[in-house]
Amino acid sequence: MRILFRTVFTAVALLALSGVPALAQTKIGTVDLKRLFDNYYKTKLATTAIQERADDLQKDYASMADDLKKHGDQYEATLESANDPAISDDERAHRKQAAADELKQLQDSKAAIDQFQRQAQVTLGDQKQRMRDNILADIKKVVAEKAKTAGDTLVLDTDAETIDGTPVIVFGVGDNDLTDDILKELNAAAPPDMPDTTTTPVFLSTNTPPYSTLPGSSLPGAAPANP
């Protein structure tokens, strides 16, 4: 997240500097971008929406995995019955063929579940990225408006770090920090029954894809038929 924020505000900084003849003439403002992001009410709404979508996908996945388990048990039972010494050769051959057919269906079902899992990861990842981009666009817009009103030609992120993990801003008086005013404006339209937005979002504040791995990746398999 800090890398993303640093990239965004590096671009903002470059744009701001492009029309300034000298750094000495630049009035610099600061914001804590992580605080803005984490406490913006739309971040909470987006996190809730992603969680609900993840829960729905999990339910579908669990149902598919349960069906696969049942089919796997049925296959094992059919294969075991084919080895019954009391049945005729013709019946044994018939049951072995039935087991082979069930195995093929089992393998197809397993492939379908694997595809569902991959698609679920893509779906949630895309949703997370889209929501995060929209939230950052909202924040950047208000930052730009506040900076122009204050006469700032450059706004720096006090939470940003370099690629080595060291602070971008080593020292600052902090007398021109816009964070509180920006956050107040961002949350001015928040619903009155909005939950506490100070909780760090689960999905949007990290670089880990939401629901990166659906539960149950180890699914019931089936031993090959032994005709």
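Residues numbered from 1 in each chain as written. Predicted model: local features only at pLDDT ≥ 70, side-chain atom pairs only at ≥ 80, totals over all residues. Heavy atoms only, no water.

Peer 1: What exactly am I supposed to notice about the environment of E80 here?
Peer 2: Summarising the element assignment, E80 is placed in helix α3 (residues 41-81). Residue E80 is classed as exposed on the basis of its relative accessible area of 62%. Sequence separation between E80 and A99 is 19 residues, and the spatial gap between their C-alpha atoms is 9.1 Å. (Helix = DSSP H or I, 4+ residues; strand = E, 2+ residues; numbered from the N terminus. Buried < 20%, exposed > 50% of the residue type's maximum accessible area, 1.4 Å probe, protein only.)

Peer 1: What exactly am I supposed to notice about the packing of aromatic side chains here?
Peer 2: Here the distance between the centres and the angle between the planes together describe a pair of aromatic rings. Within this structure, the stated rule accounts for two aromatic pairs. Ring centres of Y40 and Y41 lie 5.4 Å apart, and the angle between their planes is 85°; on these two criteria the pair is classed as edge-to-face. For the pair shown, Y40 and Y41 are each scored as buried. Considering the side-chain rings of Y61 and F116, the 6.4 Å spacing of their centres and the 25° angle between planes classify their relative orientation as stacked. Remark: F116 occurs in helix α4 (residues 89-150) and Y61 occurs in helix α3; sequence separation between them is 55 residues. (Phe/Tyr/Trp six-rings, centres within 6.5 Å; stacked < 30°, edge-to-face > 60°.)

Peer 1: Sorry, what's going on with the packing of α4 against helix α5 (residues 179-186) here?
Peer 2: Between two packed helices, both the angle of their axes relative to each other and the distance between the axes serve to describe the pair. Two numbers describe how α4 lies on α5: the axes approach to 10 Å, and their chain directions differ by 125°. It follows from the interaxial angle that α4 and α5 lie oblique. For the pair α4 and α5, the crossing hand works out as right-handed. Across the interface between the two elements, D138, I139, V142, V143, E145 and K146 of α4 pack against D181, I182, E185 and L186 of α5. Partitioned by chemical class, the residues of the contact of α4 with α5 number five nonpolar, no polar and five charged. (Axes fitted to C-alpha atoms, helices over the stretch in contact; angles between N-to-C directions. Parallel < 35°, antiparallel > 145°, perpendicular 65-115°, else oblique. Left-handed = near helix turned anticlockwise from the far one by under 90°. Contact = heavy atoms within 4.5 Å. Nonpolar A, V, L, I, M, F, W, Y, C, P; charged D, E, K, R; others polar.)

Peer 1: Just to check I follow, could you spell out the nonpolar core for this structure?
Peer 2: Inside soluble globular proteins, nonpolar side chains tend to come together where they are buried. Counting 24 residues, the largest nonpolar core has L36, I139, I182 and L186 as the members making the most contacts within it. Breaking this core down by element, the ones donating at least two residues are α2 (33-39), α3, α4 and α5. Considering every element that reaches this core, the biggest residue donor is α4, with nine residues. Contact partners of L186, with chain neighbours within four places excluded, come to L36, Y40, Y41, D138, I139 and V142. (Core = buried A, V, L, I, M, F, W, Y, C linked by side-chain atoms within 4.5 Å.)

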